[in-house]
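Now for the letters of each chain:
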Amino acid sequence: MNLATIYNIFIRDFRKQKKRITLTLVALAWGTISIMLLLGFGEGLHQQLSINRKGMGEGIVILWAGSTSLPYKGLPKGRELAFTADDIDYLKASMPELAEVGGEYSRWGVEVRHGNSVVSEHVTGITPNYETMRNHIPEMGSRMVNELDMQQKRRVAFLGDELKNRLFGDEDAIGKQIFIRGLPFTVIGVMQHKMQMSSYSGHDLNKVSIPLTTFEAVFGHRYLNNIIYVPTDLNNMAAIERRIYEVFSAKMRFDPDDDRAISVWDTVAGSREFTNILFGIKLFLGIIGGLTLLIAGVGVANIMYVSIKERTREIGIKMAVGGRKSYILAQFLIEAFIITFVGGFGGMAVSYILTEGFQRIPIESDVLDFMGRPTISLEIGLVVIGILGIMGLVSGLFPAMKAASVSPVESLRYE
Amino acid sequence: MIEMKELRKAYTTGKVEFEALKGIDLSIKHSEMVAVVGPSGSGKSTLMNIIGCLDVPTSGEYRLEDDPVNEMTSNQLADIRNKKIGFVFQAFNLLPYATAYENIEVPLLFARVSGKKRRERVNELLARVGLADKAGNKPTEMSGGEMQRTAIARSLANDPDLILADEPTGNLDSKSGGEIVKIFHELWSAGKTVIIITHDMNIAEQAQRIIRLKDGLVEGNGNLA
């Protein structure tokens, strides 16, 4: 086989059959673009929802003290229980299987003032590990409440980003004073903007957080609103929960089987459910994508098939003037390969440009916060091109092989 | 040049078998000009296709320049069609998307003729059939006579000894047809073996010999020259 011959014939015919080749290219590129964008937006949604899901914190469990529903060691049922700040350290000391333990006081409708701006907002007293457990991530150049603040009961405040805007507008808040219940506090930090899809006491963006110890001193609360922990092993949640009941049962004196004594919100179990929903959405998009792929494939196959009548005569003519079967088939193969390559990767490139363009839309919008940014996957693209390429090849090459294996007379006669 | 003995060709359409050639004995010498005539369905085109190696016989022997065509591979047949035989069809059979120049070039590409030689040869052939000014025209931009002259030029590309023409004037008016016949005469004068299928007796009578086919058999084998 002579490669130069095949190349010469191929290049010449390729230039001559622009319309058919362009149509095939466009069909292939279009199929690739639609599927890549569809799945790309799906992936973006998935990623964004996963991020949003983590806004409240990742792998955390929230505990609330309840009231007993069973009598225990001579104590009657219906006894109100409550956590104190000591319980945080007690829990940490009793259960090495907990990576972090924190807790908070809460008070709604507290007057917070800066200059002429006065708001009535939610103030929480928190432990420093809320930075990682509850994603209270400070903006650049600011910080969260730390251990020293706790020890010295400093009057420092960490503001939710929206609350900061309400009090300060565009002005820098760090180091400025605000008045909580008339008492001066120094702003040490502003929370980085985050999407928060779930909450147990309002969204963090409108809260003022101060050190737990300062809160006790200012508001005189004795009981925590809730305790939060993160276990070291997320696969052992039920056993850890069981241990929580046993540990507090000893200290607060209630029946360890009394499930009303402590309410537990296991967000890990919730996120498993959430993962399933996300998987469902992706599966749905995948099915739509598969059907789109089929339509695109039929389009490519159709163009290939329609041109077969013309091409069968072409094969007959070429064989009649001395073309060997192998030359003719090689030409078809190269053509199919180039069309697949150019159309497929062209489609991928266009998809990439479109999604990049979409990501650069300079709009800060809640819708975009939820939809996420489309993300192109190279693997999906290659699979799509492979499937379309094979469909095109099969629908184009098999009839060509048939045409080239019969006598030239039969191919010339083909109508 | 051509020797055929007991040559048969049968076609099967569905369950019906049809025998187009029923035992042809034929001998054609070098530099002969032969006309093949006969009514429709007499097997003229089938015979021509077998002579031109476009089709293979069901049985019998066919030798082309003493080589047994029956025993050749499809690649050997392709090479013979490329270099030893020039075929001219009634329906021209030009590539519709290619210009006259490009159509004539195809056999040269398959014969791996280098670019410069290809260019020279195509231009020489275009001039020979009087189409030097139509090199860039596609078949749709040419008259029937011009298309047939392009096809003749293509058949001559690799300078074959044997020229086969299946009703070459069938789709042409008498003036264009006359020009085409004139070209075949010139080729014969230049030493080529020319075989023409026709039902136009005026053309047939210009040949040295007329072979009459009827019902798949050779009927007469007169020598008119």
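Residues numbered from 1 in each chain as written. Chains lettered and ligands numbered in written order. Predicted model: local features only at pLDDT ≥ 70, side-chain atom pairs only at ≥ 80, totals over all residues. Heavy atoms only, no water.

Facing 25 residues of chain A, the contacting portion of chain B comprises 25 residues. Run the count over chain A and chain B and you get 1 salt bridge. Residue Asp79 of chain B is joined to Arg324 of chain A by a salt bridge in which the shortest nitrogen-to-oxygen separation is 2.5 Å. For the interface between chain A and chain B, the tally reads 6 residue pairs in polar contact (both at pLDDT 80 or more). Within the residue set of the side of chain A that touches chain B, elements represented by two or more residues are helix H1 (3–16), helix H10 (308–320), helix H11 (325–359) and helix H14 (408–413) of chain A. Among the residues making up the side of chain A that touches chain B, the classes are represented as 9 nonpolar, 7 polar and 9 charged. (Contact = heavy atoms within 4.5 Å. Salt bridge = Lys/Arg side-chain N within 4 Å of Asp/Glu carboxyl O. Polar contact = N/O pair within 3.5 Å; in protein donor to acceptor, adjacent residues only side chain to side chain. Helix = DSSP H or I, 4+ residues; strand = E, 2+ residues; numbered from the N terminus. Nonpolar A, V, L, I, M, F, W, Y, C, P; charged D, E, K, R; others polar.)

In this section: the sheet that holds strand E4 (residues 59–64) of chain B. Residues and elements named next belong to chain B. One open sheet holds the 4 strands; their spatial order is E2-E1-E4-E5, and the pairing between them is antiparallel. The open sheet has two free edges, formed respectively by strand E2 (16–28) and strand E5 (67–68), since each of these has just one partner strand. Relative to E2, strand E1 (residues 2–13) runs antiparallel, the two being bridged by 10 bridges. When the bridges of E2 are listed, Tyr11 appears paired with Phe18. On the sheet, helix H1 (residues 44–51) packs against E1, E2 and E4 and is oriented at approximately 120 degrees with respect to E1. (Pairing = 2+ DSSP bridges. Axes fitted to C-alpha atoms, helices over the stretch in contact; angles between N-to-C directions.)

A few words on the side chain of His221 of chain A. Residues and elements named next belong to chain A. Secondary-structure assignment places His221 in the loop between helix H7 (212–219) and strand E8 (226–231). Within the structure, the side chain of His221 is placed 2.9 Å from the side chain of Arg107, a separation counted as a polar contact. When neighbours within four sequence positions are excluded, His221 is seen to be in contact with Tyr105, Ser106, Arg107, Phe215 and Glu216.

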